[in-house]
Amino acid sequence: MKYSDDDLNKLERLLAHAHRARPEPWLDAAWSRGVMRDIRREAANVPHERSAWVERHVWRTAAVAALFAVIFAGSALLYTAVGGGDLTAVLAEGLDPAPTLME
Amino acid sequence: MRAAGRYRAACSLHRSVPLVSGDLQIINRVLQGEVECFSELIDRYQQHVRRIVNRHVPSDHVAEVAHDVFVRAYTGLAGFSTGVPFEHWLSGIAVRTCYDFWRSKSREDMPVSAFTTEHDAWVDQVLADESDARFQEQVRRQETTEFLQRALQHLSPENRLVLTLVHLEGHSVREAARLLGWSIVNVKVRAHRARQALRRLLRGKGDSAS
């Protein structure tokens, strides 16, 4: 049997309304307990969930600490250079070979 | 059990804080090993998950699929990004769990019920009814639900999910793509094909190769 587009639109609209009007089944406390039982089992089987979280935070902390160390070292170097005079002189001094006993 | 009760009591303190920040606190505690705190998330979102699941799977499978949704949410909790509300993240898991339900059913080679002459008579009656009151009456009738279920049985799991989300529930293509974790183009193409397949079924051609 052939239906017109208007007929099909009407049927589609009816099915959409029927879909939204579906009654919802009730989930009781026993259902919640069953879910938690399985979750505890999962937690016992997969103990690495916590270690993954800890690992992620350890790496973040390490990255932040490294950044602070670089900033601190840079600041200290600049402070020394400004306080002691020429930065290049400080660096050159550090790079100069120590006088040998031959001289 | 006493320890479980203590954790539950501790978690219930968060009921007084705003929903989103409360969710984040509970999630952090669960991730730090306080598994019992997850029951608070179940209490908060049980109704939301049940509503989504009920629209995609038969009523007698809602409890089982909703159960799987929460277990999946727990196992994937470390991947939860704080950039989206927990409810949205959970909705995606719920829809994808329903999709997996239909994929497993299609692998089981479920028999597809054919439309009968009674269905044809019902369609004719629906089309003949003119008034709004009669339309609303038809919405609530068992025949309508049965007809819809039979029509959806003929669709592939992908087309079924997309048709339900976009055409029956009125989600935008973008929302459906986010829920399914698919590209927008994929959902758009599937939505078009699924609707064509449904219309072919309604026309009585019974196209099952969708």
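It should be emphasised that the depicted structure is a prediction, and the values quoted were computed from it without experimental measurement. (Residues numbered from 1 in each chain as written. Chains lettered and ligands numbered in written order. Predicted model: local features only at pLDDT ≥ 70, side-chain atom pairs only at ≥ 80, totals over all residues.)

(A) Representation of the nonpolar core in the model. All names here are of chain B. Among the nonpolar cores identified, the biggest contains 59 residues, and Val53, Val69, Ala94 and Val162 are the most heavily contacted of them. Broken down by element, this core gets its largest block of residues, 9 residues, from helix 5 (residues 86–107). Not counting chain neighbours up to four residues away, the residues in contact with Ala94 comprise Val49, Ile52, Val53 and Val69. (Core = buried A, V, L, I, M, F, W, Y, C linked by C-beta atoms within 7 Å. Buried ≥ 20, exposed ≤ 12 C-beta atoms within 10 Å, placed from the backbone. Helix = DSSP H or I, 4+ residues; strand = E, 2+ residues; numbered from the N terminus. Contact = placed C-beta atoms within 7 Å.)

(B) Structural detail: the interface of chain B and chain A. Tallying the contact residues gives 39 residues for chain B and 33 residues for chain A. Among the elements of the structure, helix 3 (38–54), helix 4 (62–75), helix 6 (117–128), helix 7 (132–140), helix 8 (142–153), helix 9 (157–168) and helix 11 (184–202) of chain B are those that each provide at least two residues to the side of chain B that touches chain A. Top element by residues in the side of chain B that touches chain A is helix 4 of chain B. It accounts for 8 residues. Its residues placed into classes, the side of chain B that touches chain A shows 19 nonpolar, 13 polar and 7 charged. (Nonpolar A, V, L, I, M, F, W, Y, C, P; charged D, E, K, R; others polar.)

(C) Summary view of the environment of Asn54 of chain B. By the secondary structure assignment, Asn54 of chain B is in helix 3. Considered as a pair, Asn54 of chain B and Val65 of chain B are 11 residues apart in the sequence and their alpha carbons are 9.2 Å apart. Not counting the four nearest positions on each side in its chain, Asn54 of chain B is found in contact with Arg22, Glu24 and Pro25 of chain A together with Ser59 and Val62 of chain B.

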